[in-house]
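Here are the chains, one letter per residue:
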Amino acid sequence: MRITATFIDEISHDIPHQNWGPKEWEADFQAMKAVGIDTVVVIRCGWKRWMTFPCEVLRREKHAFEPTQDLIRLFLDLAEKYGMKFFCGTYDSGNPWWHDDYKVEEETALMTAVNEELYAKYGSSPAFAGWYLSQEIGGKDSNASQCYRKMARHLKAMSGNLPILISPAIQGAKAYNENMVKLGKTIDPAEHEADWDRVMQRLQGVVDIIAFQDGHVEIELLPTFLRINKKLCDKYGIECWTNTETFDRDMPIDFLPIKWDKLYLKLKAAEEAGLSRAMTFEFSHFLSPNSSYTSAHHLYNRYREYVDAVARK
């Protein structure tokens, strides 16, 4: 199992910004290409008042800040140049979708308007290959799953049935509750399976790819959850990836590049579970030779050795 897709965390909601321009981003696309990454996923096209592209809707509705560079255009051009597919994340207002008072109609109306403007500007790019629904959910988030259904249907109708990707969380010991306190106890696998059986039933036919985040449960328990995820995705005709996180949730500081041994074990578990692909959150900060974290440079070296060894087999 190799990592063939990565998120791009362009807004830097909770990850320090690296302040890259076109030259630095192109160097990173070259590094991605060198280890076999063929798909990039912008994790959100906007966050609160921050934008990745000059968006009239967000200027008007959110008094959003003007971006100094059009990142969507930049990433599309680089994806096209290096033969990669580009998935675009939807807008996130920052309102907590897991709360009972989440205004689904109001939120989806704003996201719809942003999506329509974005696709009118960039949808003709040959690299534009799909969408990412940016609201991350666990198995019991009914508001978000309602949002998913509305947005996915709209996006598919607008863009000629381009695939829809989501990357939900497993409610494990390292996940957070609504007060941002770590849960400390992993969900029972049977409960996880029952919860996601219900959610996938609602998402069948509207979501094409599910890449569960793999960092919320202990590594020794991960194989069990990956097998359940694969079983459920197969049941509902959804492609099953893993989001193998390249940052370490075990450290007292959020967030630092992961130890190579942990990443290796997670990739091995995903392969043994029969998952079709691995993506990561995310290459540029945690796995890149260009990262502001020096330890990411070394992780890239260990991962490159692993990729080369796999290629020789």
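Residues numbered from 1 in each chain as written. Predicted model: local features only at pLDDT ≥ 70, side-chain atom pairs only at ≥ 80, totals over all residues. Heavy atoms only, no water.

Draft legend 1. Quick peek at the overall build of the protein. Secondary structure assignment for the protein yields 10 helices and 13 strands. The C-alpha radius of gyration computed for the protein amounts to 18 Å, which stays within 12% of the reference 20 Å derived for 313 residues, consistent with globular compactness. Each principal axis of the C-alpha atoms in the protein carries an extent, and together these give about 50 × 45 × 35 Å. Within the protein, the fraction of its 313 residues that count as buried is 57%. Across the protein, the fraction of contacts at a sequence separation of at least 24, relative to all contacts at a separation of at least 6, is 77%. Carbon and sulfur atoms provide 50% of the accessible area of the protein, an area that totals close to 13300 Å². Positive and negative side-chain charges of the protein, numbering 38 and 45 respectively, have mean locations separated by a distance of 3 Å. (Helix = DSSP H or I, 4+ residues; strand = E, 2+ residues; numbered from the N terminus. Rg over C-alpha atoms; globule rule 2.2 N^0.38 Å. Buried < 20%, exposed > 50% of the residue type's maximum accessible area, 1.4 Å probe, protein only. Contact = heavy atoms within 4.5 Å. Areas by Shrake-Rupley, 256 points an atom, 1.4 Å probe, with all protein chains shown as cover. Lys, Arg positive; Asp, Glu negative; His and termini not counted. Charge placed at Lys NZ, Arg CZ, Asp CG, Glu CD.)

Draft legend 2. Focus on the nonpolar core. In terms of nonpolar packing, the biggest core is built from 90 residues, with Phe29, Phe86 and Phe128 touching the most fellow members. Excluding residues that lie within four positions of it along the chain, phenylalanine 128 makes contacts with Leu76, Phe86, Cys88, Leu118, Tyr119, Tyr122, Gly123 and Leu162. Val41, Trp241, Met279 and Tyr293 belong to the second-largest nonpolar core, a separate cluster that totals 19 residues. (Core = buried A, V, L, I, M, F, W, Y, C linked by side-chain atoms within 4.5 Å.)

Draft legend 3. Quick look at unusual backbone geometry. The omega torsion across aspartate 254 and phenylalanine 255 is -5°, close enough to zero to call that bond cis. Structurally, the position occupied by phenylalanine 255 is in the loop between strand 11 (247–248) and strand 12 (256–257). Cis rather than trans, the peptide bond between phenylalanine 281 and glutamate 282 has omega equal to -25°. By the secondary structure assignment, glutamate 282 is in the loop between strand 13 (277–280) and helix 9 (283–286). Even without being glycine, asparagine 19 reaches a positive phi, approximately 55°. Within the element layout of this structure, asparagine 19 appears in the loop between strand 1 (3–8) and helix 1 (22–34). Relative accessible area serves as the criterion here: at 65%, asparagine 19 is assigned to the exposed category. With a phi close to 55°, lysine 48 is a non-glycine residue in the positive phi region.

Draft legend 4. Layout of helix 7 (residues 222–236). When the terminal C-alpha atoms of helix 7 are compared, their 21 Å separation across 15 residues agrees well with the 21 Å that a helix rising 1.5 Å per residue should span. Regarding helix 7, the residues found buried are Leu222, Phe225, Leu226, Ile228, Asn229, Leu232, Cys233 and Tyr236. Angularly, the buried residues of helix 7 cover 160° about the axis, an arc narrow enough to put them on a single face. The exposed set on the far side of helix 7, more than 90 degrees from its buried face, consists of Lys231 and Lys235. Where helix 7 is buried, its residues contact helix 6 (189–203), strand 9 (209–213), strand 10 (239–243) and helix 8 (260–272). Note on helix 7: the residue one or two positions beyond its end, glycine 237, has a positive phi of about 65°. (Expected span 1.5 Å × (residues − 1). Arc of directions from axis to C-beta.)

Draft legend 5. Spotlight on the sheet that holds strand 5 (residues 85–89). Strand order in the closed barrel made by the 8 strands is 1-2-5-7-8-9-10-13, with parallel pairing throughout. Going from strand to strand, the sheet's axes swing by 30° on average, the running direction of each strand aside. Looking at chain direction, strand 9 and strand 10 are connected through 5 bridges and run parallel. By the bridge assignment for strand 10, isoleucine 210 is matched with cysteine 240. (Pairing = 2+ DSSP bridges. Axes fitted to C-alpha atoms, helices over the stretch in contact; angles between N-to-C directions.)

Draft legend 6. The pairing of strand 5, seen in detail. Within strand 5, 4 of the 5 residues are buried, which leaves it mostly tucked inside the rest of the structure. Sheet topology note: the strand 2 (residues 39–42)/strand 5 ladder contains 4 bridges and is parallel. Directly across from valine 42, in strand 5, lies its bridge partner cysteine 88. Sheet analysis places strand 5 next to strand 7 (residues 128–132), joined by 4 bridges and oriented parallel. Bridge assignment links phenylalanine 87 to a residue of strand 7, and that residue is glycine 130.

Draft legend 7. Representation of the state of the cysteines. All chains considered together, the criterion is met by 0 disulfides. Left without a disulfide partner, cysteine 45 is nearest to the cysteine sulfur of cysteine 88, which lies 5.2 Å away. No disulfide involves cysteine 147; its sulfur sits 13 Å from the nearest other cysteine sulfur, which is in cysteine 45. (Disulfide = S-S within 2.5 Å.)

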